[in-house]
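Reading the structure
Residues per chain are reported as follows:
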Amino acid sequence: MAEIKLTREQQAVVDHRGSALLVSAAAGSGKTKVLVDRVLRRVEEEQRNIDDFLMITFTQPAAAELRGKLIDRLSELLSLHPNDRHLQKQMSRVYLAQISTVHAFCGSLLREYAHVLDLPADFRITDEQEAERLRGRVMERLLEQTYAAEQDAEVADCLKFLSTGRDDAVLVGLIGKVFRDLQCWQNPKQRFLQLRQSLDLSDCADLGQTVWGAYWIENLKRFLVGARERLERCCEKIARETALQAYEPTFRENSELLSRFLAANGWNEIAAIPCDIGRLKAIRACPVPELQEQVRETRKRIFSELKERLALFYLPTEETVGDLRQCGTALRGLLTLTERFSEAYRAEKLSRHVLDYNDMEHEALRLIYGGGTTPTAYAREIAGRFAEIMIDEYQDTNAVQDAIFRGISRDGRNLFFVGDVKQSIYRFRMADPTIFLDKYNTYADEENAAEGEPARILLSDNFRSHPQILSAANAVFRLTMTPQVGGLYYGDAEALHPRRSFAEMGSPAVELYYVNMDTLPAYPPIGRDEVEAEFVAARIEAMLHDGTMIPASETELRPIRAEDI
């Protein structure tokens, strides 16, 4: 990509000092360039060494690429200032800089402080295949011991209700999932205790007091807010159209019903509100059929969805709480088995002098916090090594990793986060984009932030993609990204802005195809994924063989190649 002249926002990222900074960097916005420029600006102006900066990346290739770009930029600076002794020194120190994944960084800390943590001096890190085999052996022994021993009531209920079929595959899967989820908490033991307490329903008089009930109440009320707004818009339309005004009393009554549900407190109050969906007042035909259809369909969809959600609330609280108490006993048994598995797995690893990736993070936490919440003397020692801690792909951080970064910072003031919540795709690996969103929603814009207060900067200018592609992406994101879906309101500030010109293609840059699944033969059965894959493959083949042209520069086109796709 051609040299990019820094935009105002990019320059602000390079120049900002004195507080934590969150950079929301959209795709193609030049985030790596500004990160490199920021480091080297501080190296030049403050006469710092490049290894005064801790740079955390998501993958090892990304770390290698970042180091390479730092070396390239240093070479450019040295060509302009060949006699600068400080820059000459940085060319060797760049290989000492901590530019790595969070696991590699934690591994280096554990080797340095193994004696403090009572870790075997010769410990090694398992790969995922070996760790999976170890977990399998430990799980097998645990279940054998559990079946052979006298079981308490909770474990007995767990085995009774959660073991299905001829093997323990379901139970093994559940123990494994709970174990993995708990590793993403800063204090798994404390989380175990919280989960146990949430399963205690001895004093529960309303289902809204349970985790499940609270979830469904929140789900219902979130729907009701939007549904009432849609009905109110219908009322406004009805008020403007003489032909529809006979419908206004019915729509107002329906809107008031939704308001009653919204005002209700707890499960029992919601269930007590009379609402016979099947007998809601119908609306008669009117002289303007198309207007009638609009409001009628809106109302029909709202009450169809409401009927589905309210079906849960007709369950009697007393009966349901009784069922949940029985389930709670089995789930507490599941927690007990998970705790036993966790302890046995840890013992197995220590006996073999191995750690897995989760251990690296949790042992680093133990070093940094010592089991408490305040950073230890070792954490302060580590913090003194780094002028700034820079975390790339911050949207894919989890709570444990974030606690590590905070613990080795200087009261959080020298933290630099860069990421894009729209690109968070690793929730299946327990990434938590709400950590990014919390800072995004609470940090002030950099130009308005008080001195020393955390700030945010948005990089929304795109130097990579065709304007038509960005326009299509923006259209989709505006429709789909809300605080409820994606955790973010996608407005003008978040939209992608084209900053690069391309040759005119003479054909649309974006194509939208509709594949009608209803026309497929009943036999042999073909899945949706197969149909879409075959369609996309055929489209790619056609583009390659038909000589589809794409921009090669601002003025020229060239035939598309396989590596473009």
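Before reading on, note that the structure itself is shown above.
Small disclaimer: the values here were computed from a predicted structure and weren't measured.

Right, let's talk about the packing of aromatic side chains for a bit. Taken as a whole and assessed by the stated rule, the structure comprises 12 aromatic pairs. Here Phe-436 and Tyr-440 contribute two aromatic rings whose centre-to-centre distance is 6.3 Å and whose plane-to-plane angle is 20 degrees, an arrangement assigned as stacked. With Phe-436 and Tyr-440 both in helix α19 (residues 433-442) and four residues apart, the pair spans about one turn of that helix. Here the two residues Phe-436 and Tyr-440 agree in accessibility, since each one is buried. Here Phe-477 and Tyr-490 contribute two aromatic rings whose centre-to-centre distance is 5.2 Å and whose plane-to-plane angle is 45 degrees, an arrangement assigned as tilted. Placement of the pair is Phe-477 in helix α20 (residues 467-480) and Tyr-490 in the loop between α20 and β11 (497-498), with a sequence separation of 13 residues. Linked through ring pairs, Tyr-394, Phe-417, Phe-436 and Tyr-440 together constitute an aromatic cluster. One Lys or Arg, Arg-191, reaches over the ring of Trp-185 and ends 4.1 Å from the middle of that ring. Over the ring of Tyr-345 we find Lys-349; its NZ or CZ atom is 3.9 Å from the centre of that ring.

In this section: helix α11 (residues 211-240). For α11, spanning 30 residues, the distance from its first C-alpha to its last is 44 Å, which sits close to the expected 44 Å at 1.5 Å a residue. When we look at burial in α11, the residues that qualify are Gly-213, Ile-217, Asn-219, Leu-220, Lys-221, Phe-223, Leu-224, Ala-227, Leu-231, Cys-234, Cys-235 and Ile-238.

Turning our attention to the environment of Asn-462. Secondary-structure assignment places Asn-462 in strand β10 (residues 461-462). Overall, the relative accessible area of 2% leaves Asn-462 in the buried class. Linking Asn-462 and His-497, residues 35 residues apart in sequence, is a C-alpha distance of 5.6 Å.

Conventions and cut-offs
Residues numbered from 1 in each chain as written. Predicted model: local features only at pLDDT ≥ 70, side-chain atom pairs only at ≥ 80, totals over all residues. Heavy atoms only, no water. Phe/Tyr/Trp six-rings, centres within 6.5 Å; stacked < 30°, edge-to-face > 60°. Helix = DSSP H or I, 4+ residues; strand = E, 2+ residues; numbered from the N terminus. Buried < 20%, exposed > 50% of the residue type's maximum accessible area, 1.4 Å probe, protein only. Lys NZ or Arg CZ within 6 Å of the ring centre and 35° of its normal. Expected span 1.5 Å × (residues − 1).

No statement about biological role is implied by the geometric values presented.
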